[in-house]
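# Examination of the molecular architecture
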Amino acid sequence: MDMLIMQISLFVLAVILGVELITKVPATLHTPLMSGSNAISGITLVGALLAAGSGDVGGLWVSVLGMVAVTLATINVVGGFLVTNRMLRMFHKR
């Protein structure tokens, strides 16, 4: 029970901190910051792959949640690179 309370409080703290940090970012820096953080989400993809391939450790639910995490993390990473590519194309000379 103590571990659950600690995990919930850590999640709430992370949400509060994330909202405070994102609201303080100026509009001109929002796109570069988001594309950089989406590229860093590759670390999440590695963790999701480890969870999905954990085998019999957690049963079927761990594999299903791991597969969902792999799918969402892949979408996030690819989206980050697409946004970065589109942003960099704006600076090419025609």
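Criteria and cut-off values
- Residues numbered from 1 in each chain as written.
- Predicted model: local features only at pLDDT ≥ 70, side-chain atom pairs only at ≥ 80, totals over all residues.
- Heavy atoms only, no water.
- Helix = DSSP H or I, 4+ residues; strand = E, 2+ residues; numbered from the N terminus.
- Rg over C-alpha atoms; globule rule 2.2 N^0.38 Å.
- Buried < 20%, exposed > 50% of the residue type's maximum accessible area, 1.4 Å probe, protein only.
- Contact = heavy atoms within 4.5 Å.
- Expected span 1.5 Å × (residues − 1).
- Salt bridge = Lys/Arg side-chain N within 4 Å of Asp/Glu carboxyl O.
- pLDDT = per-residue confidence, 0-100.
- Patch = residues over 30% accessible without salt bridge, like charges linked within 9 Å, V, L, I, M, F, W, Y side chains within 5 Å.
- Areas by Shrake-Rupley, 256 points an atom, 1.4 Å probe, with all protein chains shown as cover.
- Axes fitted to C-alpha atoms, helices over the stretch in contact; angles between N-to-C directions.
- Parallel < 35°, antiparallel > 145°, perpendicular 65-115°, else oblique.
- Left-handed = near helix turned anticlockwise from the far one by under 90°.

### Considering the overall build of the protein chain
- For the protein chain, the helix and strand inventory stands at four helices and zero strands.
- Mapped in sequence order, the helices and strands of the protein chain form the string α-α-α-α.
- At 17 Å, the protein chain has a C-alpha radius of gyration far larger than the 12 Å of a compact globule built from 94 residues.
- Expressed as lengths along the three principal axes of its C-alpha atoms, the size of the protein chain is roughly 55 × 30 × 15 Å.
- The 94 residues of the protein chain split such that 11% are buried.
- When contacts within the protein chain are restricted to residue pairs at least 6 apart in sequence, long-range pairs at least 24 apart make up 58% of them.

### A word on helix H4 (residues 60-89)
- When the terminal C-alpha atoms of H4 are compared, their 44 Å separation across 30 residues agrees well with the 44 Å that a helix rising 1.5 Å per residue should span.
- Of the positions making up H4, those classed as buried are Gly-66, Val-70, Ala-73, Val-77, Gly-80 and Met-87.

### Some thoughts on the pattern of salt bridges
- Taken as a whole and assessed by the stated rule, the structure comprises one salt bridge.
- One salt bridge in this structure joins Lys-24 and Glu-20, with 3.3 Å as the shortest N-O distance.
- Using a relative accessible area of 60% as the deciding quantity, one classes Lys-24 as exposed.
- Assessed through its relative accessible area of 41%, Glu-20 is described here as partly exposed.

### Describing the confidence of the model for the protein chain
- Per-residue pLDDT for the protein chain averages 81, and the proportion of residues at 70 or more is 94%.
- For the protein chain, per-element mean pLDDT is lowest for helix H2 (residues 27-40), which scores 73, and highest for helix H1 (residues 2-23), which scores 90.

### Considering a nonpolar patch on the surface
- A cluster of nonpolar side chains, contributed by Met-1, Leu-4, Ile-5, Ile-8, Phe-11, Val-12, Val-15, Ile-16 and Val-19, occupies part of the molecular surface with about 910 Å² of accessible area.
- Topologically, Ile-8 is positioned in helix H1.
- Take Ile-8: its relative accessible area is 47%, and that puts it in the partly exposed class.

### Things to note about the packing of helix H3 (residues 42-52) against H4
- Put simply, H3 and H4 touch, their axes get as near as 8 Å, and they point 160 degrees apart. Looking at the two axes, H3 sits roughly antiparallel to H4. Considering only the axes of H3 and H4, their crossing is left-handed. Note on element contacts: H4 touches H3 through Val-62, Ser-63, Gly-66, Met-67, Ala-69, Val-70, Ala-73, Thr-74 and Val-77, opposite Gly-42, Thr-44, Leu-45, Ala-48, Leu-49, Ala-51 and Ala-52.

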